[in-house]
Amino acid sequence: MEWLAGLIQHAVSDAGTESLAHLLQRVAEQRGVWNGILQQRPGAPPLVLMQSPTMPLADLPDPRHWSNPSGLSDSPVVWRVEPLPIPDTFYALRIPREAAHDPLWDVLVQLIRLLCRQEQLHREIDNLRRQSERRLLTVATLYETAFASSHYELERFLQLVTERAAHAMDAQACTLMLLEPDQNTLRIAASYGLPPELTQQVRVPLGEGIAGRVALTGEPMIITDPTQHPQLTDIVPRPEISSSICVPLHNRTGGLLGVLTLRRLQPAPSFTSEDLNAFTIFANQIALAIENARLYANLNRRVQELTTLVNLSQVVSAILDIETLLELVGRQIEGVVGFSRYALFLQSESLRTYQLSLVRGYTREMFPPRGFRKGQGVIGIVAKKKMPLVVQDARRELQPMRGFGRTIGANRYCVLPIIIHGSCIGVILADNEDRSGEFSLEQVDLLSVFTTQVGIAIENARLYREMEQHYREIQSLAAFRNNILRSLGAGVFTLSPNGYIATWNRAAQTITGIRARDVMGKHYSELCKLISGRIREDALRMLQSALDEVIKGGVSRTLYRIPFRKTPDAQDEAQLLNFTITPLVMRGAESSGGAVVVFEDVTEYHRLETRLSQMERLAEIGQMTATIAHEIRNPLTALKGAADLLMQEENLPEQVQTYVDIIRQEVARLNDIAEEFLEFARPFVLNRRPVVLRPLLKRLMQALAPYFKEAKITAQLEIAGEPSAHLDPVRIEQVLRNLIQNAIQAMPNGGRLFLRAGEQNNRVYLQVQDTGEGIPTEIREKIFSPFYTTRTRGTGLGLSIVQKIVQAHQGEVCVECPAEGGSIFTVWLPKMASGE
């Protein structure tokens, strides 16, 4: 029974679920029985929560008979199903009949029940811990929210209240509604979890709805089902809401401030009385915070009014947008100075009239549509005389003051000029006719001081608008310049007078592979260091020297066909760049204002130029070669005929026969040379068709096997995949034969030859590699030239014919010599030629 003691010790030290699983496994291992935890489900087969060993249970007893603890039957095994402390959960044992009465099973059942009880205790402890954490979170939220009320404006504070309340109470929505005393309605001041458009529309009268009734009665409520609440029988229940709490907000004197509401959505659990108590405490704190915030806001508003009187000039002087400035001036005249009606007339651009620019309380029809000229009417007189006018009783004034009072409907008004640098740039008209009509001299004095500052601010705003317009024009020109630079196909960058890179267009990045952010603002010497591994040292010195010369005031410089690679370790062909470096002359400046560097990739142009030159040369050579071949073949035919006739002579001396054989052999060799000349000169038409390269290459290697053996060369064929292409198989075989023949000749003492084929980037490649002496660097560019050869025999046309056939296939042939020796000729052919 040591294993059972070990199980008990493991159960004491481990968690409930893990102990249960371990116990089931050990019982199965030690006693060879099946045991498991089952859950009874109404109208469905039992659910196996855990078992050991895992196996289908076809003979599981009917759950209706689980109340029988023994479950004996006539079968060789018996079932023992025991209820556990967890509802609808049972422990099942499948026991051999002869061991059914072993007391061990009773011990196991008791141990299982203890472990289940232990698991229940763990869950209850976790639940209590989560509840405690939530209570702590609620208390912390209360403290933080009360503290936050002194750090935020009221609107932001109320929004913070709803968010923190929802999080603290595990709710999905929270609404804070404040009372509007003049209308006896509640409006949403802040919310969490509600659509924004709803918060703008909802108005709840006192006594209506849940919030209105809580506000009216002053009693908090928990609502789970409104139909079950005696006061809410007329409320339409919303099935998506699990539970709600609605708590009133009162100030220190018991006055109603609003209500605070929480909602949980299905399937969240309903609120409890503990939740209501905690939320009520929270709401009381929030009510105090709202009252304090309102008191602080009122006090702050009064302080701001006094401060604004002192800092009025600073406020308007900080505004540079004239429309915004005029709106601010209007608000200050009404809110701070205390005039309910006002109009502002500003001098027009023509300086002839004063146009209405701002108006409140008056109508535009009261004033001339074209404005006031200087000296015209009250406004024109004040503008001309540059003196303020205060009318206390218009009915007793002379014209035009009396008539102007009737026009604007005011018996008392004041008109003040806006003076800047001795000129009147505007006039302000103000009165309080729609109120009491009264205004004090202190108000007029304040408006007069304010008007002076308004004039300075308006002048600054006008200057700023002009400057902003000039700036926009400059920005537009800069954008237009940048668009030009981006659209150019050539790379362009500019240098400041000190040699720092000011611009770097998109084409420059494309051509060089260098991003603008890597060079902008840096000296051009750093650019030279950056490209030092991509350009030859002599070319780099030429480029830097040209930049130095132009920056120092020299004339324009041009560098042609400078080799350049995008990356220092690139193995592909270098680009050829043409550089033009021109001084950047600034308007009105005597010296250079920097430099403009334009560079263009002329690689393709150079390639086409070279190919055109080569084609012209090949055409001339071809014509010459054809002529030579024809001229040679004519006498060769005669020589061959004469030699054949001599060979027909009887009793020809042996020595003469030897000479005749030599003549015939040399004639045949000369005829082959002439045929090769004609082959090079003769234009040919490709017979393209789809070709799988593997059979062609195998057949070629088999045909050349005797030559390999004779030359003591080990040949190896390597084919990657199943390459195929649209090509002329006869001409491609001719290409390979020429390359293999050259490779054999490069290994006079034998060696190894590799013939490779494969596909890459929609092209096929054919590669011939030998282990010979290799090709010296200085002659690699010449080997494809017609008649160029380093051997004592041969025409030097083999590689030229190879190149001609490859180019006819729209392909290319290249050669490289690895450091370990030998040479590698690679033919690249498109899988499908363009135009097909």
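For the structure itself, consult the block above.
Criteria and thresholds
- Residues numbered from 1 in each chain as written.
- Predicted model: local features only at pLDDT ≥ 70, side-chain atom pairs only at ≥ 80, totals over all residues.
- Heavy atoms only, no water.
- Pairing = 2+ DSSP bridges.
- Helix = DSSP H or I, 4+ residues; strand = E, 2+ residues; numbered from the N terminus.
- Contact = heavy atoms within 4.5 Å.
- Axes fitted to C-alpha atoms, helices over the stretch in contact; angles between N-to-C directions.
- Phe/Tyr/Trp six-rings, centres within 6.5 Å; stacked < 30°, edge-to-face > 60°.
- Buried < 20%, exposed > 50% of the residue type's maximum accessible area, 1.4 Å probe, protein only.
- 1 Å grid on protein atoms, 1.4 Å probe; cavity = no way out; pocket = protein on both sides within 12 Å on 5 of 7 lines; lining within 4 Å.
- Points joined across faces, edges and corners; volume = space filled by probe spheres on them.
- Nonpolar A, V, L, I, M, F, W, Y, C, P; charged D, E, K, R; others polar.
- Expected span 1.5 Å × (residues − 1).
- Arc of directions from axis to C-beta.

## A few points about the sheet that holds strand β13 (residues 372–373)
Spatially, the six strands line up as an open sheet ordered β13-β12-β11-β16-β15-β14, and their pairing is antiparallel. Because the sheet does not close on itself, it has two edges, and the strands there are β13 and β14 (389–391). Looking at chain direction, strand β12 (residues 353–360) and β13 are connected through two bridges and run antiparallel. Directly across from Thr-353, in β13, lies its bridge partner Arg-373. Against the sheet, helix α9 (residues 377–385) makes contact with β11 (341–347), β12, β13, β14, β15 (413–420) and β16 (423–431), and its axis sits at roughly 40° relative to β15, the strand it touches most. Strands β11, β13, β14, β15 and β16 of the sheet are contacted by helix α10 (residues 401–408), whose axis makes an angle of about 105° with β15.

## Describing unusual backbone geometry
The peptide bond linking Ser-52 to Pro-53 adopts the cis configuration, its omega dihedral lying at -5°. Of note, the amide linkage connecting Gln-266 to Pro-267 takes the cis form, showing an omega dihedral of 5°. For Pro-267, the location among the structural elements is in the loop between β10 (256–265) and α7 (273–317). The phi dihedral of His-421 is positive, around 50°, even though this residue is not glycine. Note that His-421 resides in the loop between β15 and β16.

## Observations regarding the packing of aromatic side chains
This model, assessed by the stated rule, comprises 13 aromatic pairs. Note on Trp-34 and Trp-79: the rings are 5.5 Å apart at their centroids and 65° apart in plane angle, and the pair reads as edge-to-face. Of the two residues, Trp-34 is situated in strand β1 (residues 34–41) and Trp-79 in strand β3 (residues 77–83); the sequence distance between them amounts to 45 residues. Both rings, one in Phe-339 and one in Phe-439, keep their centres 5.3 Å apart while their planes meet at 55°; by these two values the pair is tilted. On the criterion of sequence distance, the pair formed by Phe-339 in the loop between α8 (322–337) and β11 and Phe-439 in the loop between β16 and α11 (441–487) is long-range, its members being 100 residues apart. Each member of the pair, Phe-339 as well as Phe-439, is classed as buried. A network of ring pairs unites the aromatic residues Phe-345, Tyr-362, Phe-367 and Phe-372 as a single cluster.

## A word on empty space enclosed by the protein
Taken as a whole, this structure holds three cavities of 30 Å³ or more when the rule is applied. In this structure, the largest cavity encloses a volume near 120 Å³. In terms of lining, the largest cavity is formed by 14 residues, of which the most central are Phe-493, Leu-527, Ile-531, Leu-543 and Phe-579. Counted by class, the lining of the largest cavity contains 13 nonpolar, one polar and no charged residues.

## Thoughts on helix α15 (residues 537–551)
Spanning 15 residues, α15 covers 21 Å between terminal C-alpha atoms, matching the ideal 21 Å at 1.5 Å per step. Among the residues of α15, Ala-539, Leu-540, Leu-543, Ala-546, Leu-547, Val-550 and Ile-551 are the ones counted as buried. Burial along α15 is one-sided: seen end-on, the buried residues are contained in an arc of 130°. Pointing more than 90 degrees away from the buried face of α15 are the exposed residues Glu-537 and Arg-541. Two residues or fewer past α15, Gly-553 is found with a positive phi of approximately 105°.

## Quick notes on the sheet that holds strand β28 (residues 823–830)
Ordered by their spatial adjacency, five strands build an open sheet running β23-β25-β26-β28-β27, and the pairing between neighbours is mixed. Of all the strands in the sheet, the pair left with one neighbour each is β23 (713–719) and β27 (812–816). With strand direction ignored, the average angle separating the axes of adjacent strands in the sheet is 15°. Here seven bridges tie β23 to strand β25 (residues 751–760), and the two strands are oriented parallel to one another. The residue bridging Ile-719 from the neighbouring strand is Ala-757, located in β25. Packing of helix α19 (residues 729–745) onto the sheet brings it into contact with β23, β25, β26 (763–770) and β28, and relative to β26 it is tilted by some 20°.

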